[in-house]
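Analysis of the macromolecular model
Here are the chains, one letter per residue:
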Amino acid sequence: MDHFLYRDGALYAEDVPVADIAAAVGTPFYVYSTATLLRHYQLFDEALAWGDHLVCYAMKAASNVAILKTLAEAGAGMDVVSGGEYLRAKAAGVPGSRIVFSGVGKTEEEIRLVLEGGIRQINVESEPEMQAISKVATSMGVSVPITIRVNPDVDAKTHAKIATGKSENKFGIPIARAREVYAMAAALPGLEVVGIDVHIGSQLTDLTPFELAFAKVAELTEVLRADGHTIKRLDLGGGLGIPYSRSNEAPPLPSDFGAMIQRTVGHLGCEIEIEPGRLIAGNAGLMVTQVIYVKSGEGRDFLILDGAMNDLIRPAMYEAHHDIVPVQEPAPGVEQHTYDIVGPVCETGDTFARGRNMPPVAAGDLVAFRSAGAYGAVMASEYNSRPLIPEVLVHGDQYAVIRARPTFDEMINRDTIPQWL
Ligand code: LLP
C-alpha cells in the first residue's frame, strides 16, 4: 500500500498534487511519501513485536538525511555499509547504539570512524576483516560487539546481481567454517562476539529461501553456544521483495516474514535485528518525468522522456519492471497504447520498457515511475552531464525539496583544471 493515488483526475502524493510539485521544482524529480515510509517501518516493527528486536533500515535503498530522520524519529535503527552512510545516519541524529555496520570491505579508516562515533555492532564478513577490526579496536583500547556474517549456501531465487547467499557469492564466511571462525574471533583481542548475521539477497518474493537460511542459523546458534560463545543477537538481513507490478505480484507481507522468523528462531531467546531497505522505501517513492516527444518509429512508437537511465538505472541494470503511469488520470475505458519508453541518453540501454501498454500520452504530459523510492536516487549518476535530479519529501499537505537540483555551474565547477593547462 502507498499514498500515491488519483484524486479528482490527478495523481497525488499524500495530499499534494504531483503536478504542483513538478511545476515548482521542474522535472525529472523523485518524490517520497512520509506516511508510506512510516507505515512500512511500522509493519516490520509490529511483525517482530513478539520479542526483543530492532528494525535497522538498510539505508543504501534511499539515504537522504530527511528520509533517515523520518524513520529514526519513529524508532528505526540503521544498517550502514560505508563511512559515508554512517555519517549520514549520524547527521540524521541516529545514535551509534542503533547503527549496525555491514559490508564486505570495511577499511581501517571506516572501522576507526565508527568506533569513535559509537556502533551497535559490526557485521564481520571475513577473517582478514576480523583481524583489521581487532587491530583498530585494540589500538584504541576498546572492545567492539561483532556478529559474523555466515553464507548459508541457499538459492535466494532472485536476480543474479542481487543474490548473496550462495557459496559462489562474495559475501560472508561459509557456514561450514563458522565454528573455526568463531573460535578465531573469541581468541582475538578487542572483539566481543554477540551473535550471527545473515543476508541472502534482495527482492525475494518467496519466504522459503529465508526459512531455509534461518533454520541453518538456528542450528548454528545451538552449536556455537555449545562451543561456549555468547549468541544473544541474530541479524537476519533484509531482502523482502515488493510488488513492482500492481497487476500480478503479491509477495509475502512483513507480518508473514515476522511469523516465519518467530517459527524458525523464536525459541532461541535472541534479540532479532532485520535490515529491510526496499520494502520500506520502494513503494514510498515515485520518479516523475515529462514526455519530451512521442516519436513514430519502424512499427513502434517511442515515448521519449526527460528522465533517463542515469536517473533510474534499475531497468537498464536488472531488466527491472516499473509501472509507469500518467500523472493526469486517464479517462475511464480509454484504449491503451503500446510504447517503447526511453530516455534521452545516447545508448540503447537507456530503455525503461519495451512494448509497454499504457494510456496514451502526449508531449508535455507528466508520467510517474512507481516503486522508484528504493535504489533510485541513490544509484543515480551524472552520465551525459545530466545533473542529479532533486528529491522531494511530502508530509500530508506539505512538501519540501530535500535535495536540490544542482545548477549546471555547480556540476561543472566540481571539476578542476590542472595548473599545466
Ligand atoms: N542488508 C544487506 C547486508 C544488504 O546487502 C542489503 C541489500 C540489504 C540489507 C537490504 O536489502 P533489501 O531489503 O533492500 O532487499 N540495487 C539493487 C538492490 C541491491 C541490494 C543490495 N543489498 C536493486 O535495485 O534491486
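Every value quoted in this text rests on a predicted model; they were computed, and no experiment measured them.

How each quantity is defined
- Residues numbered from 1 in each chain as written.
- Predicted model: local features only at pLDDT ≥ 70, side-chain atom pairs only at ≥ 80, totals over all residues.
- Heavy atoms only, no water.
- Helix = DSSP H or I, 4+ residues; strand = E, 2+ residues; numbered from the N terminus.
- Contact = heavy atoms within 4.5 Å.
- Areas by Shrake-Rupley, 256 points an atom, 1.4 Å probe, with all protein chains shown as cover.
- Lys, Arg positive; Asp, Glu negative; His and termini not counted.
- Charge placed at Lys NZ, Arg CZ, Asp CG, Glu CD.
- Expected span 1.5 Å × (residues − 1).
- Buried < 20%, exposed > 50% of the residue type's maximum accessible area, 1.4 Å probe, protein only.
- Near = heavy atom within 4 Å.
- Polar contact = N/O pair within 3.5 Å; in protein donor to acceptor, adjacent residues only side chain to side chain.
- Nonpolar A, V, L, I, M, F, W, Y, C, P; charged D, E, K, R; others polar.
- Domains from an automatic or database assignment.
- Core = buried A, V, L, I, M, F, W, Y, C linked by side-chain atoms within 4.5 Å.
- Phe/Tyr/Trp six-rings, centres within 6.5 Å; stacked < 30°, edge-to-face > 60°.
- Lys NZ or Arg CZ within 6 Å of the ring centre and 35° of its normal.
- Buried area = accessible area lost by both parts, 1.4 Å probe.
- Salt bridge = Lys/Arg side-chain N within 4 Å of Asp/Glu carboxyl O.
- Axes fitted to C-alpha atoms, helices over the stretch in contact; angles between N-to-C directions.
- Parallel < 35°, antiparallel > 145°, perpendicular 65-115°, else oblique.
- Left-handed = near helix turned anticlockwise from the far one by under 90°.
- Right-handed = clockwise from strand over helix to strand, strands pointing away.
- Pairing = 2+ DSSP bridges.

1. Concerning the overall build of the chain
From N to C terminus, the chain includes 12 helices and 21 strands. With the C-alpha coordinates of the chain rotated into their principal frame, the extents come out at 70 × 60 × 40 Å. Contacts spanning at least 24 positions in sequence make up 71% of the contacts within the chain whose residues lie at least 6 apart. Counting every atom, the chain has about 17600 Å² of accessible surface; 52% of that belongs to carbon and sulfur. Within the chain, the 53 negative side-chain charges are centred at a point lying 3 Å from the centre of the 35 positive side-chain charges.

2. Observations regarding helix α8 (residues 208-226)
For the α-helix, the turn length of 3.6 residues means that residues three or four positions removed from each other point alike. With 19 residues, α8 should cover 27 Å at 1.5 Å per step; its first-to-last C-alpha distance of 28 Å lies within 8% of that length. All buried positions along α8 are accounted for by Pro209, Phe210, Ala213, Phe214, Val217, Ala218, Leu220, Thr221 and Leu224. On its buried face, α8 sits against β9 (144-151), α7 (178-187), β11 (191-197), β12 (233-235) and α9 (254-265). Gly228 sits one or two residues past α8 and shows a positive phi near 100°.

3. What to know about the site of the ligand
Taken together, the neighbourhood of the ligand is formed by 18 residues, with Ser202, Glu275, Arg278, Arg314 and Tyr375 sitting nearest. A distance of 2.7 Å separates an oxygen atom of the ligand from a polar atom in the backbone of Arg278. Separating an oxygen atom of the ligand from a side-chain N or O atom of Arg314 is a distance of 2.6 Å. Against a free-state accessible area of 590 Å², the protein chains account for coverage of 91% of the ligand. Here the residues of the shell around the ligand are counted per class, giving 6 nonpolar, 6 polar and 6 charged. Viewed by domain, the shell around the ligand spans two of them, domain 1 (4-31 + 282-412) and domain 2 (103-274), each represented by three or more residues.

4. Section: the nonpolar core
Within the largest apolar cluster, 98 residues are counted, with the highest numbers of intra-cluster contacts made by Tyr57, Met78, Ile122, Phe214, Leu234, Phe257 and Ile261. When residues of this core are assigned to their parent elements, the largest contribution, 7 residues, is made by α8. Counting residues in hydrophobic clusters, the runner-up holds 18 residues, among them Val18, Val288, Ala368 and Val394.

5. Here we look at the packing of aromatic side chains
The full count for this structure, using the stated rule, is 6 aromatic pairs. Here Phe210 and Phe214 contribute two aromatic rings whose centre-to-centre distance is 5.8 Å and whose plane-to-plane angle is 40°, an arrangement assigned as tilted. Of this pair, Phe210 and Phe214 both sit in helix α8, 4 residues apart, roughly one helical turn. Given the relative accessible area of 0%, Phe210 is considered buried. Classification of Phe214 as buried rests on a relative accessible area of 1%. Ring-pair connections join several aromatic residues into one group, and the members of that group are Phe44, Phe210, Phe214 and Phe257. Note that Lys106 overlies the ring of Phe101, its terminal NZ or CZ placed 5.6 Å from the centroid.

6. Here we look at the domain arrangement of the chain
For the chain, the assigned domains read domain 1 (4-31 + 282-412) and domain 2 (103-274). On a C-alpha basis, the centres of domain 1 and domain 2 stand 35 Å from each other. Looking only at domain 1, the three residues that lose the most surface to domain 2 are Asn283, Tyr318 and Asp323, adding up to 41% of its buried area. Where domain 1 packs against domain 2, one counts 0 salt bridges. The tally of links between domain 1 and domain 2 comes to 3 residue pairs in polar contact (both at pLDDT 80 or more). In the side of domain 1 that touches domain 2, the residues fall into 3 nonpolar, 5 polar and 4 charged.

7. Here's the deal with the packing of α8 against α9
In the contact formed by α8 and α9, the axes pass within 9 Å of each other and the chain directions differ by 30°. Taken together, the axes of α8 and α9 are roughly parallel relative to one another. Two packed elements cross with a definite hand, and for α8 against α9 that hand is right-handed. Contacts between α8 and α9 involve Phe210, Glu211, Phe214, Ala215 and Ala218 from the former and Phe257, Met260, Ile261, Arg263, Thr264 and Val265 from the latter.

8. Concerning the pattern of salt bridges
Taken as a whole and judged by the stated rule, the model has 19 salt bridges. Arg149 serves as the salt-bridge partner of Glu125, at 2.8 Å between the closest nitrogen and oxygen. Of the two residues, Glu125 is situated in the loop between β8 (121-124) and α6 (127-140) and Arg149 in strand β9; the sequence distance between them amounts to 24 residues. Assigned by exposure class, Glu125 and Arg149 land together as buried.

9. What to know about the pairing of strand β6 (residues 77-80)
The alternating pattern of β6 places Gly77 and Asp79 and Met78 and Val80 on opposite faces, both of which are buried. As for the winding sense of the linkage, the β-α-β connection from strand β5 (residues 53-58) through helix α3 (residues 65-73) to β6 is right-handed. The pairing of β6 with strand β7 (residues 99-101) spans 3 bridges and is parallel. The residue bridging Asp79 from the neighbouring strand is Val100, located in β7. For the segment spanning β6, helix α4 (residues 83-91) and β7, crossover handedness is right-handed.

10. Topic: the pairing of β9
Most of β9 sits out of view: 8 of its 8 residues are buried. Of the two faces of β9, the one carrying Val144, Ile146, Ile148 and Val150 and the one carrying Pro145, Thr147, Arg149 and Asn151 are both buried. Sheet topology note: the β8/β9 ladder contains 3 bridges and is parallel. Bridged to Ile122 within β9 is Ile146. Following the chain from β8 across α6 to the adjacent parallel β9, one finds a crossover that is right-handed.

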